[in-house]
Amino acid sequence: MAQPLGPGDARRAALLLTPAYLWLTAAVFLPLSAMLFFSLLSDAPFRGADWRFTLDNYRAFFATDVYATLLWKSLRLGLTVTALCVVIGFPCAWVLAKTIRGRAREALFLLIILPFWSNSLVRVFSWAIVLRGNGALDWLAGLFSSGDVRLGLLFTPTAVVIGLVHSYLPYVILTTYLALQAIDDTLIEAARSMGADRRTIFRRLVLPLSLPGLAAGAVLVFVPVVGSFMEPRILGGRFGAYFGTVIEDQFVAVFNWPLGAALSFILLAVVLAILSAAAPVLRRAQGAAA
Amino acid sequence: MREGGGWLSRLGVAWLWAVLAFLYAPIVVMALMSFNASPFYQLPFAFSTRWYADLWANAEIRAAALRSLVIAATTTAIATALGCAAALALFRYAFRGKALLQALLFPPIAIPWLITGTAMLIFFFGVGLGRGAPAVLIGHVALALPYVVIVVNARLASFDPTLEEAARSLGASPWMVARRVTLPWMAPGVVAGALFAFAVSFDQFVVSYFLARPGDATLPVLIYTSIRKGFTPEINAVSTIVIGVSMAALLAAARFSNFGGRR
Amino acid sequence: MAEVSVRDVSKRFGATAALDGVSMDFADGGFCALLGPSGSGKTTLLRVIAGFVAPDAGAILIGGRSVARTPVEKRDIGFMFQNYALFPNMSVAENVGFGLRARKVGAAAERRRVAEALALVRLDGLGDRRPHALSGGQKQRVALARAFVTNPQVLLLDEPLSALDKALRVEMQSELKRIQREIGITTIFVTHDQEEALTLADRVGILREGRLIETGAPREVYNAPSTVFAARFLGDANIFEGRAEGAVLRLPDGTAVRIPPGSDGAAAFAVRPENMRVSLAPPDAPGVDSVRGDLVQRVFAGAMTTCVVTVCGRPMKIVAPDREVADLPEAGPVWVSWDRARMMAIPHP
């Protein structure tokens, strides 16, 4: 149990905490600050390059509607993927929390969570193998119809959505499952004893109680999807330009780091706005899971 | 609502299995294709291990795999040590600013890795470290650290502090209390945290992608650059191995932690 | 084994005084119960004696020596926790042997003494079990064995039986008493259950809001409480309040009640429910007093029946064998009577 600090304890606590937080500062918080600084420069200040402070990089965002369009495209992608994850994931979480019991539940829960923690790049690549022309999906479709079937799904926005849903679906199932599991079965039985039908129970009891978990899952899907670049690159082909890929380009192809930093920072601002708007819900979800 | 919803719950279970199929089918297909003889993924399937033989012969892939393993192992050691220390302090002491410190664990997890990775790139160049294995390692530890703290903290949260009092009342020195009571309780959390750290590092692509030097890549970065050149069954083979390793690590972690789910 | 003295101990937690100038002596080999409602400071007092909590003022003496500078692990105590606090990662034998190992008694001696302790609590042969495989009563015995096996100077028990169900609790009470007698160790235990305190202890201390308001042998405190609070807390008490006029007490409605001689200046008078009778007519016997009342409730509870009678506007509780009150009407005017010698004069409010 947490105790108030005694005289020697303050030193001991500092000793235990400092290395970890020093590391986080050097590797996360200082870099994020450096990025803000960088986004205000006219040129990368390396090799004696001439640089000055400027807002040009942010002006560039507004000067053409290329970036704004791409950001909007990324946000729409985020909404689509999140909505699909919620619609597909909620029934799974429900079945897992309320229908299946005992060891089977543990095993199924693990099976759903396992891919999420495994290599996402490889999982995206596996969809490329499935969706490619003449790939496994075409072959499967060919079994059910005559002739050569070419669905041609790879390198389409649909492929990007499929890959991202595949990547993040377990997250929604996890958080929703935790929220649903926290709902005492006797609450539902009480509602039934008072004559509530299944729809009323869902609408008045289950949904409100599981909403924090569901919302937490949604936010935790939406944020990384908006910042995704690897999935669109592999599965999107020439439709694969999103806000994330433009940022990647600035760092690995165009080498306009200040612009990249500014775009990254705009993305960070969007992300932080979403996270802070969702903060109360996230806290509640965390409380429910604890 | 187990009873009274017969067809509905059967439908739900069917839905669950469909989702599981959706989650695993592509991985299975990819793994199968790595054993298909045709270099163009042609069907019908003809079993062959030639792509794994090719992998073994590929010095670049072997070097990247070794690099990934070394970085993951080092990340695990550092992140586990620092993370356990921080978790212990956060559990044991009440002090001002503790809530802030706990909140600071979330940015590395919640901010998209694209942003974190590019920010690290900028900063490491700014301080003269540049790209390369040290930069990758520093980044990986920072990403793995919060997971270790959270997992170990979760384990400690269920610790009954009267156990320590009981040990002291029985005459145990502080060292004996730690060794015989507190640490044995922490151990499963520490093992789970370490395995998470390993998985985070071994699977990490985005941050490695920005921080690794070309020709000095980790396995996921090498896979990515190969994919962009074109799909080959060799990539299937190496991907199959990578996902096998990370799933094994996570299955092991699951024995010690329940990923937030209650048992 | 040693005597324990608490000298003028005070402890504040924030704005609340958990202990306020508490002094009490615990005799060598005695079995003392600390009793009080929740928040009265009884557990804090126990934890101060153990050394888990440092007092703001005052001193603790164990065997005549101040332990102010002695940390918990050096105080040579046995402490039993309300939740037992058995180490889940150790077997029963390892749990019991933990304190012996801390004292480095050697493997052979440890094995022998663990076996003896387990025999004493009647758990022979369960040494290899893990705590989670034990029943509540067994856990309680392991915790007790673990606390006394090191032969500490004093045994401190924090609500040792409260986690057990009633039947088991009664059984464990006599076990606890037997074991304490056998090892003859100075024992202090905290409880909120007055019946348990009366059953087990040879001495009780009653705490209220951080102050020790009463100490004494259980029978003495029960039969002659010095405060109204103690009279009410230790068993039930029907309190008579009014104006004392010589040998009588004038109740608010004017009724006169005889009071025991020599009770000048008493704050109140009380009669225990089991010392009262209810009848339709006032009994005519020497030394028996009675007042008129209204029977409002009669609750049958097996051997005894509880009657609630309103006397002078206040409810009084009377416990009597059922056959004595079976003939009474469900409600109506009755007489409440008691043996005059059974009336207690209580000096303090």
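All values reported here derive from a predicted model rather than from experimental measurement. (Residues numbered from 1 in each chain as written. Chains lettered and ligands numbered in written order. Predicted model: local features only at pLDDT ≥ 70, side-chain atom pairs only at ≥ 80, totals over all residues. Heavy atoms only, no water.)

Chemist: Help me out: how do you make sense of the interface of chain A and chain B in this one?
Modeler: How big an interface is tends to be stated in terms of the accessible area lost upon association of its parts. Facing 95 residues of chain A, the contacting portion of chain B comprises 97 residues. Inspection of the region where chain A meets chain B yields 0 salt bridges. Counting every contact that joins chain A to chain B gives 8 residue pairs in polar contact (both at pLDDT 80 or more). Per element, the largest residue contribution to the side of chain A that touches chain B is 20 residues, and it comes from helix α1 (residues 7-38) of chain A. Of the residues assigned to the side of chain A that touches chain B, the class counts are 74 nonpolar, 11 polar and 10 charged. (Contact = heavy atoms within 4.5 Å. Salt bridge = Lys/Arg side-chain N within 4 Å of Asp/Glu carboxyl O. Polar contact = N/O pair within 3.5 Å; in protein donor to acceptor, adjacent residues only side chain to side chain. Helix = DSSP H or I, 4+ residues; strand = E, 2+ residues; numbered from the N terminus. Nonpolar A, V, L, I, M, F, W, Y, C, P; charged D, E, K, R; others polar.)

Chemist: Just checking my understanding: could you explain the packing of helix α8 (residues 162-169) of chain B against helix α9 (residues 174-203) of chain B for this structure?
Modeler: Packed helices, taken two at a time, are described by their axes: the angle between them and the distance between them. Residue and element names in this part refer to chain B. Here α8 crosses α9 at 140 degrees, and the two axes come no closer than 10 Å. Note that α8 runs across α9; the crossing there is right-handed. Contacts between α8 and α9 pair Leu-163, Glu-164, Ala-167 and Arg-168 from the former with Val-177, Val-181 and Thr-182 from the latter. Its residues placed into classes, the contact of α8 with α9 shows 4 nonpolar, 1 polar and 2 charged. (Axes fitted to C-alpha atoms, helices over the stretch in contact; angles between N-to-C directions. Left-handed = near helix turned anticlockwise from the far one by under 90°.)

Chemist: Whenever I open this one, the pairing of strand β9 (residues 203-208) of chain C confuses me. Can you help?
Modeler: A regular strand places its side chains on the two faces of the sheet in alternate fashion. All names here are of chain C. Here strand β3 (residues 31-35) pairs with β9 via 4 bridges, running parallel. The residue of β9 that forms the bridge with Cys-32 is Arg-203. Across 5 bridges, β9 lies against strand β10 (residues 211-216) in antiparallel orientation. For Gly-205, the partnering residue across the bridge sits in β10 and is Thr-215. From the end of β9 to the start of β10, which pair antiparallel, there are 2 residues, and Glu-209 there has a positive phi angle of about 50 degrees. (Pairing = 2+ DSSP bridges.)

Chemist: Just checking my understanding: could you explain the arrangement of the chains for this structure?
Modeler: Counting contacts across all 2 pairs of chains found in contact, the highest total belongs to chains A and B. In this view chain A stays clear of chain C, with the nearest C-alpha atoms of the two still 12 Å from each other.

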